Amino acid sequence: MAEVPDQPPPMPRIPKRAAAGLLGLLRARGDILSAFPEEAYRREVFTLRLPRRLLLVANHPDVVRDIFVLRHETYQAKSTSMVRALEPVIGDSLFINHGAVWEQRRAAIAPALHIAGLAAFETHFATAAEELADTLASGQAAVEIGAPLAAATARVMMLALFGERSQPAEAAALAARFTLYQRSAEHLDLMGLLGLPAWLGAGQGRTARGHAAALRAMVGEALAAVDTPTAVMEALRAAAGDSAEALVNEASMMLLAGSETAANALTWTLWLLATHAAPRALVLAEIDRLPPGAPDVAMLAALPYTRMVLYEAMRLYPPVPVLSREALAPGRIRRWDVPKGSLVLAVPWLIHRHSAWWEAPHSFRPERFSPEAARLQPKFTWLPFGLGPRVCAGAAFGMAEMLTFLAALLRRFTIAPAPGFVPRPRARLTLRPADGMRLVLTHRRTH
Ligand code: HEM
């Protein structure tokens, strides 16, 4: 196959200035990423007066650390818009709770995902990755990989929660429903952010609630079928106490938090590799040096460059593009008085592309994450897993899963962009390609 020339990583057109204000742009286009003007990629802090409250964007690592780490007590609560967008599916689970309830649930769940116990999940990673590769192998050369990846990462989470009895088709159904839910829920989220009355989104709200109910029913069924609980399930039960509803909440939360993010990171990583020949060759060289068979967690240490590629892909396309909080008490951030109830954001999408912290910020350069370069990079300029006490509980799990997936897929297939296709990043609850992700997959060799 002829070599495809490298392509710049796609991003929304950056408006020169916020002519009509961020609010106006949001209303006009409905996408927060394309609303940030040029100066948002240079500013340290900026604010917006929303109809009902102040919105402050922390865009400097010291300010981000101050809010999310040092002043966690005041800024630990998820924003109302985030809660409203997620609550129909995940109830009042750990992800959108705070205070003592969050603390108790976090303490119950986080140890089950700890890096020290990752080997317990390696067969799940490998099973889902091989099933995914088999599915893709039987399809057309040009494929949309977003949906199969979402199904495969949901499969990992279902195996981790419900054990070997759960079936690939259940994971695919769950992932498809999550996608439908996100599509309808994002409007509600935007409504909340803009402080618009809820009735404006009532139609979408009904659709979203329908998908949410279907999702919760699937999770309820899977829970009812568990006979021998997995370690993760035990942890969820400890978090949920005696309440059956709380268990559905926590299980749904875990399925969503653990699958959407990793699937999105993988879609963008594959695109970046398909469009950048030199990094692709280095990744392939590493993967081809692995011993044959499914890689276990210990073997993943032999993929340092592939790990750098994932870090860089999540810099350019952070699966969670916005971290939002609501102030529980009045405070002062830099020169701003921040009343109780204000929205306080850190935007990985912006800080990851900030001109003060990154050279050629919109280019794909995995070398930024070499041990030498990473030592020089200021802390809190790279936040794909969040930061502070609410940092992602599944970061090590997600990294091991994604490395296993890349190894399984790139051993089997050569990847290239589908002719004429350019993905468009779009911020939903996660950062998804707006029209899916189309790649040409060609078999490398038989296994
Ligand atoms: C590429 C993969 C992943 C990314 C980029 C990611 C990103 C994040 C981010 C940014 C947060 C914090 C959100 C905030 O502060 O508002 C978070 C929280 C969380 N993540 Fe992940 N995540 C990933 C994979 C996973 C996996 C695989 C699991 C489970 C196995 C998981 C479980 C959680 C949980 C339980 C929380 C809530 C933590 C808390 O509020 O205390 N994540 N994740």
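This text gives an overview of the structure that appears in the document. Nothing here was measured: the structure is a model prediction, and the numbers come from that model.

So, on to the sheet that holds strand β8 (residues 413-417). Spatially, β3-β11-β8 is the arrangement adopted by the 3 strands of the open sheet, whose pairing is antiparallel. If you trace the sheet from one side to the other, it starts and ends with β3 (142-144) and β8, each paired once. Sheet twist, expressed as the average angle between the axes of neighbouring strands with direction ignored, equals 40°. For β8 and strand β11 (residues 438-443), the ladder comprises 5 bridges, and the chain directions are antiparallel. Bridging from a neighbouring strand, Ala 416 pairs with Val 440 of β11.

We now examine helix α12 (residues 244-274). An α-helical turn contains 3.6 residues, so any two residues separated by three or four positions project in the same direction. The end-to-end C-alpha separation of α12 is 45 Å, in line with the 45 Å expected for 31 residues at 1.5 Å each. Within α12, 27 of the 31 residues are buried, leaving the element largely enclosed by the surrounding structure. Measuring from the side-chain oxygen of the N-cap residue of α12 to the backbone nitrogen of Glu 245 gives 3.3 Å; that N-cap residue is Ser 243.

This part is about the environment of His 443. Positionally, His 443 belongs in strand β11. As for His 443 and Thr 414, which are separated by 29 residues in sequence, their C-alpha atoms are 6.3 Å apart. Contact partners of His 443, with chain neighbours within four places excluded, come to Ala 137, Arg 412 and Phe 413.

For the ligand, the set of nearby residues contains 27 residues, the closest of which are Trp 102, Arg 106, Arg 325, Arg 390 and Cys 392. In this structure, Trp 102 approaches the ligand through a side-chain N or O atom, which is 2.8 Å from an oxygen atom. In this structure, an oxygen atom belonging to the ligand sits 3.0 Å away from a side-chain N or O atom of Arg 390. Placement of the ligand is best described as lying within the largest cavity. Among the secondary structure elements, those contributing two or more residues to the shell around the ligand are α6 (99-109), α12, β4 (323-326) and α17 (395-412). With 5 residues, the single largest contributor to the shell around the ligand is α12.

With that out of the way, let us pick up the packing of helix α14 (residues 304-316) against α17. Their axes nearest at 10 Å, the elements α14 and α17 cross at an angle of 110°. Of the possible angle classes, the one that applies to α14 and α17 is roughly perpendicular. For α14 against α17, the interelement crossing comes out right-handed. Residues Thr 306, Arg 307, Leu 310, Tyr 311 and Met 314 of α14 pack against Met 399, Met 402, Leu 403 and Leu 406 of α17. In terms of residue class, the contact of α14 with α17 is made up of 7 nonpolar, 1 polar and 1 charged.

Bringing the side chain of Thr 430 into the picture now. Following the sequence through the fold, Thr 430 ends up in the loop between β9 (425-427) and β10 (431-433). A distance of 3.2 Å separates the side chain of Thr 430 from the side chain of Gln 182, its partner in a polar contact. Apart from residues no more than four positions distant in its own chain, Thr 430 is found in contact with Gln 182, Glu 260, Thr 261, Asn 264, Pro 319 and Pro 321.

A few words on the coordination of the iron atom of the ligand. There is one protein donor for the iron atom of the ligand, namely Cys 392 (SG), at 2.3 Å. Among the secondary structure elements, Cys 392 is positioned in the loop between α16 (371-376) and α17.

For the rest of this paragraph, the subject is the pairing of β11. Examined bridge by bridge, β3 and β11 share 3 bridges and lie antiparallel to one another. Each bridged residue has a counterpart across the sheet, and for Ala 142 the counterpart in β11 is Val 440.

Parameters and conventions
- Position labels on residues start from 1 in each chain and follow its written sequence.
- Residue-level local features of this predicted model are given only where pLDDT is at least 70; pairs of side-chain atoms are given and counted only at 80 or more, and the full residue set underlies all totals for whole chains, interfaces and linings.
- Side-chain figures throughout are based on the complete set of non-hydrogen atoms in the structure, without hydrogens or water.
- For two strands to pair, DSSP has to find at least two bridges joining them.
- Comment: elements are numbered from the N terminus, with helices defined as DSSP H or I runs of at least four residues and strands as E runs of at least two.
- Convention adopted: a line fitted to C-alpha atoms gives each axis, helices being fitted over their contacting stretch, and angles between N-to-C directions are expressed from 0 to 180 degrees.
- Expected helix span is taken as 1.5 Å per residue step, with the number of steps being one fewer than the number of residues.
- We call a residue buried when its accessible area falls under 20% of the maximum for its residue type, exposed when it is over 50%, and partly exposed in between, using a 1.4 Å probe and counting protein chains only.
- Two N or O atoms form a polar contact when they lie within 3.5 Å of each other; inside protein one atom must be a possible hydrogen donor and the other a possible acceptor, and for residues adjacent in sequence the pair counts only when both atoms belong to side chains.
- Note on definitions: a residue-residue contact is assigned when non-hydrogen atoms from the two residues lie within 4.5 Å.
- In this text, near means that some heavy atom of the residue lies within 4 Å of the molecule or strand in question.
- For cavity detection a 1 Å grid was placed over the protein atoms alone, and a set of points counts as a cavity when a 1.4 Å probe fits there but cannot get out; an open set counts as a pocket when protein lies on both sides within 12 Å along at least five of seven lines, with lining residues being those that have an atom within 4 Å of a point.
- Cavities and pockets are treated as containing a molecule whenever more than half of the molecule's atoms lie within 2 Å of their grid points.
- To sort the angles, those under 35 degrees are grouped as roughly parallel, those over 145 as roughly antiparallel, those from 65 to 115 as roughly perpendicular, and the leftovers as oblique.
- Left-handed is the label given to a crossing in which the near helix is rotated counterclockwise from the far helix by less than a right angle, and right-handed is the label when the rotation is clockwise.
- Asp, Glu, Lys and Arg are counted as charged, while Ala, Val, Leu, Ile, Met, Phe, Trp, Tyr, Cys and Pro are counted as nonpolar; the rest, among them Gly, fall into the polar class.
- Coordination shells were defined by N, O and S atoms within 2.8 Å of each metal, extended to 3.2 Å for Na, K and Ca; water is absent from the atom set, which can make sites look incomplete.

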